[in-house]
Amino acid sequence: MATQVAGKDGFIAALDQSGGSTPKALKLYGVSEDAWSNEDGMYDLIHQMRSRIITSPAFTGDKVMGAILFEQTMDRTVEGVPTAQYLWEKRGVVPFLKVDKGLADGKDGVKLMKPIAGLDELLKRAVAKGIFGTKMRSVIDAADATGIKAIVDQQFEVGRQILAHGLVPILEPEVTISIADKAQAEEMLLAEIRKHLDDLPAGEKVMLKVTIPTKPNLYKPLIDDPRVMRVVALSGGYTRDEANAKLRENDGLIASFSRALTEGLSAGQSDADFNATLAATIDSIFQASRADKAAV
């Protein structure tokens, strides 16, 4: 798994919508809120959607290098096989787990992660289920030095806790794409991350998930850093075409898209239409993530 994550062409599918984002994801998929009567019913429906994606012929490790799962997805099965096991053994896709519990209220231009109660127990379960790494998200809404330092401090602090369980953390300090000082926030974020990499224990590696930067190749120093296993990018509200175009401008940066991955998919599609749409989407994101982007 580590060899594939560190060097294989491909991208990471983000299938980790949780309580707050699931209704929106289902609505985009053509399933309205009157289709379920309680939270369990909602999660049943999103698992059906995820299972349909995971079992689609195009969803393999040839182009989808990894996939990020929501906790309930990890705890469920696909075709009778635990999801993480199915991903790796049947599809050749490396499984990751979203571990954060959402965002705290904004302060100093950022939204930190809420405390992650029971994290050690969750990490132990993840290891037992064959998960390779984790992902956790916080958000930067302004180029505020105090806030950005707090974001990176928290991400690396929890990251070290995750490393102690033998898992590779994906640290995700997302910069909101619509803010006026996005470029300045990204410069500050880069500087803070580089400081923290110097404090990592010898031999340990992290991954990073970032907003596609305003300045192309801004994060190349992180991509080239031996302490960073891989740098991936979220679509962040861009359309898939916009995100792919911006991704192509950044050498070594690969996709980890959620909404942009499922754009165009619908519960009402025939399997043939669904699979064809997903295959075209996967190929477009794969091409934008390729190491040799100039060749495509």
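Use the structure listed above.
Everything in this summary refers to the structure shown in the same document. As the structure is a computational prediction, the values presented were derived from the model and not from experiment.

## Section: the overall build of the protein chain
Alright, step 1. Within the protein chain, the regular secondary structure consists of 12 helices and 11 strands.
Alright, step 2. Its C-alpha atoms give the protein chain a radius of gyration of 18 Å, within 12% of the compact-globule value 19 Å for 296 residues.
Alright, step 3. Projected onto its principal axes, the C-alpha coordinates of the protein chain cover approximately 50 × 45 × 35 Å.
Alright, step 4. For the protein chain, restricting intrachain contacts to residue pairs at least 6 apart in sequence, the fraction spanning at least 24 positions comes to 73%.
Alright, step 5. Carbon together with sulfur atoms contributes 50% to the accessible area of the protein chain, which is approximately 12200 Å² in total.
Alright, step 6. If you average the places of the 36 positive and of the 41 negative side-chain charges in the protein chain, the two averages end up 2 Å apart.

## Let's talk about the packing of aromatic side chains
Alright, step 1. Summed over the entire model, instances satisfying the criterion amount to three aromatic pairs.
Alright, step 2. Geometrically, the ring pair formed by tyrosine 29 and phenylalanine 274 is edge-to-face, given 6.5 Å between the ring centres and 80° between the ring planes. Taken as a pair, tyrosine 29 in the loop between α2 (22-28) and α3 (39-54) and phenylalanine 274 in helix α12 (residues 271-289) lie far apart in primary sequence, 245 residues in all.
Alright, step 3. Ring geometry for phenylalanine 96 and phenylalanine 132: centres 5.7 Å apart, planes at 85°, overall edge-to-face. Here phenylalanine 96, found in strand β5 (residues 94-98), pairs with phenylalanine 132, found in the loop between α6 (119-128) and β7 (133-140); they are 36 residues apart in sequence, far enough to count as distant.
Alright, step 4. Relative accessible area serves as the criterion here: at 12%, phenylalanine 132 is assigned to the buried category.

## Description of the packing of α6 against helix α7 (residues 145-163)
Alright, step 1. Contact geometry for α6 and α7: axes closest at 10 Å, N-to-C directions at 45°. The angle between α6 and α7 places the two elements in the oblique class. The element α6 and its partner α7 pack so that their crossing is right-handed. When α6 is examined against α7, the residues Leu119, Asp120 and Leu123 are found in contact with a partner set consisting of Val158, Gln161 and Ile162.
Alright, step 2. Its residues placed into classes, the contact of α6 with α7 shows four nonpolar, one polar and one charged.

## Brief notes about the pattern of salt bridges
Alright, step 1. The full count for this structure, using the stated rule, is 20 salt bridges.
Alright, step 2. Between lysine 129 and aspartate 75 there is a salt bridge; the shortest N-O distance is 3.9 Å. Note that lysine 129 is positioned in the loop between α6 and β7 and aspartate 75 in helix α4 (residues 71-75), a separation of 54 residues in sequence.
Alright, step 3. With a relative accessible area of 32%, lysine 129 lands in the partly exposed category.
Alright, step 4. Taking the shortest distance from any N to any O, the salt bridge between lysine 111 and aspartate 141 comes out at 2.6 Å. Of this pair, lysine 111 sits in strand β6 (residues 110-111) while aspartate 141 sits in the loop between β7 and α7, and the two are 30 residues apart along the sequence.
Alright, step 5. On the accessibility criterion, lysine 111 (28% relative accessible area) is partly exposed.

## Concerning the pairing of strand β10 (residues 228-234)
Alright, step 1. A large share of β10 lies buried, amounting to seven of its seven residues.
Alright, step 2. Bridge analysis of β10 against strand β11 (residues 254-255) gives two bridges, and the strand direction is parallel. Each bridged residue has a counterpart across the sheet, and for alanine 233 the counterpart in β11 is alanine 255.
Alright, step 3. With helix α10 (residues 240-248) bridging β10 and the parallel β11, this β-α-β connection has right-handed handedness.

## Observations regarding the side chain of glutamine 155
Alright, step 1. You can see glutamine 155 is positioned in helix α7.
Alright, step 2. When its relative accessible area of 1% is taken as the criterion, glutamine 155 is described as buried.
Alright, step 3. Among the polar contacts made by the side chain of glutamine 155, one reaches the main-chain amide nitrogen of glutamate 172 at a distance of 3.3 Å.

## A short note on the nonpolar core
Alright, step 1. Among the nonpolar cores identified, the biggest contains 81 residues, and Phe11, Phe59 and Leu261 are the most heavily contacted of them.
Alright, step 2. If near-sequence neighbours (up to four positions away) are discounted, leucine 261 is found in contact with Phe11, Ala13, Leu15, Arg240, Leu278, Thr281, Ile282 and Ile285.

## Observations concerning the pairing of strand β9 (residues 206-211)
Residues in a regular strand point their side chains to alternate faces of the sheet.
Alright, step 1. Counting buried residues in β9 gives six out of six residues, a clear majority hidden from the surface.
Alright, step 2. Strand direction decides the pairing type here: strand β8 (residues 168-175) and β9, joined by two bridges, are parallel. By the bridge assignment for β9, leucine 171 is matched with leucine 208.
Alright, step 3. Both β9 and β10 contribute to a ladder of six bridges, which runs parallel. Its bridge partner being in β10, valine 210 is matched across the sheet by alanine 233.

## Regarding α3
Alright, step 1. The end-to-end C-alpha distance of α3, which contains 16 residues, comes to 22 Å, matching closely the 22 Å that a straight helix rising 1.5 Å per residue would cover.
Alright, step 2. Here α3 lies mainly inside the structure; 12 of its 16 residues are buried.
Alright, step 3. Considered for burial, the residues of α3 that qualify are Gly41, Met42, Tyr43, Leu45, Ile46, His47, Met49, Arg50, Ser51, Arg52, Ile53 and Ile54.
Alright, step 4. Where α3 begins, the side chain of asparagine 38 points an oxygen toward the backbone nitrogen of aspartate 40, at a separation of 3.3 Å.

Procedures and definitions
Starting from 1, residues in each chain are numbered consecutively following that chain's sequence as written. Local features in this predicted model are restricted to residues whose pLDDT is 70 or higher, and side-chain atom pairs enter the listing and the counts only when it is 80 or higher, whereas totals over whole chains, interfaces and linings include all residues. Hydrogens are left out, water is left out, and the side-chain values use all remaining heavy atoms of the structure. Helix numbers and strand numbers start at the N terminus; a helix is a DSSP run of H or I with at least 4 residues, a strand a run of E with at least 2. For this measure, only C-alpha atoms enter the radius of gyration; the expected value for a globule follows 2.2 Å times N^0.38, where N is the number of residues. Contacts are residue-level and defined by heavy atoms, with any inter-residue pair within 4.5 Å sufficient. We get accessible surface area from the Shrake-Rupley algorithm with a probe of 1.4 Å; when it comes to residues, only the shown protein chains can shield them. We treat Lys and Arg as the positive residues and Asp and Glu as the negative residues; His and chain ends play no part in the count. Where a charge sits is defined by one atom per residue type, namely NZ (Lys), CZ (Arg), CG (Asp) or CD (Glu). By convention, a stacked pair of Phe, Tyr or Trp rings (six-membered ring in the case of Trp) has centres within 6.5 Å and planes under 30 degrees apart, an edge-to-face pair has planes over 60 apart, and any other such pair is tilted. Residue exposure (1.4 Å probe, protein chains only): buried if accessible area is under 20% of the type maximum, exposed if over 50%, otherwise partly exposed. Axis definition: a line fitted to C-alpha atoms, over the contacting stretch in the case of helices. Angles run 0 to 180 degrees between N-to-C directions. Here the word oblique covers every angle except those under 35 degrees (roughly parallel), over 145 (roughly antiparallel) and from 65 to 115 (roughly perpendicular). Note on convention: the crossing is left-handed when the near helix lies turned anticlockwise from the far helix by less than a right angle, right-handed when the turn is clockwise. Residues are sorted three ways: Asp, Glu, Lys and Arg are charged, Ala, Val, Leu, Ile, Met, Phe, Trp, Tyr, Cys and Pro are nonpolar, and all the rest, Gly among them, are polar. Salt bridges are identified by distance alone: a Lys or Arg side-chain nitrogen within 4 Å of an Asp or Glu carboxyl oxygen. Note: two strands are recorded as paired if DSSP finds a minimum of 2 bridges between them. Look down the strands so they point away from you; if going from the first strand over the helix to the second traces a clockwise path, that crossover is right-handed. Counted as a polar contact is a pair of N or O atoms within 3.5 Å, where, for protein atoms, one must be capable of donating a hydrogen and the other of accepting one, and residues adjacent in sequence contribute only when both atoms are in side chains. In plain words, nonpolar cores are sets of buried Ala, Val, Leu, Ile, Met, Phe, Trp, Tyr and Cys residues tied together by side-chain atoms within 4.5 Å. The span one expects for a helix is its residue count, reduced by one, times 1.5 Å.

It is worth stressing that arrangement in space is one thing and function is another; only the former is reported here.
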